[in-house]
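Structure assessment
Single-letter residue listing:
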Amino acid sequence: MTARTPSPAPRRSDATRAAILEAARERFASDGYERATIRAIARDARIDPSMVMRYYGSKEGLFAAASAIELRLPGLGALPGKHIGAVLVGHFLDRWEQDDVLTGLLRVGVTNEAGAERMRAVFAEQLGPVAAGVCPDPADAPRRAALVASQILGMALARYVLRIEPAAAMSRDEVISWLGPTVQRYLTAEQP
């Protein structure tokens, strides 16, 4: 029998950073960028405001760290072409329903230029290459990715932020069956 080496306890600074980021995400999501304050975030994280500044330097630095998002987009190249739209819409529905960071970033993005820029960058950097990999002309990928983002973000705003009925009450399958063909066309159809 071999003795196991105990795993090292997390460093206190790691726990503090994690608490700050969690509090910042919740505060930015609920209050928006302008109304969220370093003091409120620190209070939520149960730390001194100086610690927020120590780790992130400014409200802008904290927002950038709190809004770092990996969309974890699925590889679409191996899928039969006719399923790409449905798979992508399903993926985004799963992400919106499991990740409050995306909803928070969307809320901030519609009211604040820093949030809007962050959202633009996330979609351009992560959705753009996916579009380039499946569209007929990779040079047209930015346009196609923007069209896909318009559908995905529009539904997210209606369903998860504004809670517009019946969009908010539609089943996952209904949303996929409505949006999937449109996203499919944006990504794979010949340019009109």
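Residues numbered from 1 in each chain as written. Predicted model: local features only at pLDDT ≥ 70, side-chain atom pairs only at ≥ 80, totals over all residues. Heavy atoms only, no water.

**Side note on unusual backbone geometry**
Of the consecutive residues E165 and P166, the connecting peptide bond is found in the cis state with omega at 5°. One non-glycine residue with positive phi stands out, namely R72, at about 50°. Of note, R72 is situated in the loop between α4 (59-66) and α5 (84-98). Look at R163: it is not a glycine, yet its phi comes out positive at around 55°. Considering the arrangement of structural elements, one finds R163 in the loop between α8 (141-161) and α9 (172-188). (Helix = DSSP H or I, 4+ residues; strand = E, 2+ residues; numbered from the N terminus.)

**Brief notes about the packing of α5 against α9**
Relative to each other, α5 and α9 sit at 125°, their axes nearing to 7 Å. The pairing of α5 with α9 is recorded here as oblique in orientation. Along this stretch, α5 crosses α9, giving a crossing that reads as right-handed. On α9, the residues that touch I84, G85, A86, L88, V89, G90, L93 and D94 of α5 are R172, V175, I176, L179, G180, V183, Q184, L187 and T188. (Axes fitted to C-alpha atoms, helices over the stretch in contact; angles between N-to-C directions. Parallel < 35°, antiparallel > 145°, perpendicular 65-115°, else oblique. Left-handed = near helix turned anticlockwise from the far one by under 90°. Contact = heavy atoms within 4.5 Å.)

**What about the side chain of T16?**
Residue position: T16 is located in helix α1 (residues 12-35). When residues no more than four places from it in sequence are discounted, the contact partners of T16 are I47 and Y55.

**Quick word on the packing of aromatic side chains**
Scanning all chains against the criterion turns up 5 aromatic pairs. Ring geometry for F28 versus F63: centroids 5.2 Å apart, planes at 90°, classification edge-to-face. Of the two residues, F28 sits in helix α1 while F63 sits in helix α4, which places them 35 residues apart along the sequence. Comparing F28 with F63, the two get one shared label, buried. Put simply, the rings of F28, Y33 and F63 touch in pairs and so form one group of aromatic residues. A cation over a ring is seen here: K59 above Y33, with NZ or CZ 4.6 Å from the ring centre. (Phe/Tyr/Trp six-rings, centres within 6.5 Å; stacked < 30°, edge-to-face > 60°. Buried < 20%, exposed > 50% of the residue type's maximum accessible area, 1.4 Å probe, protein only. Lys NZ or Arg CZ within 6 Å of the ring centre and 35° of its normal.)

By themselves, these figures tell us nothing about what the structure is for.
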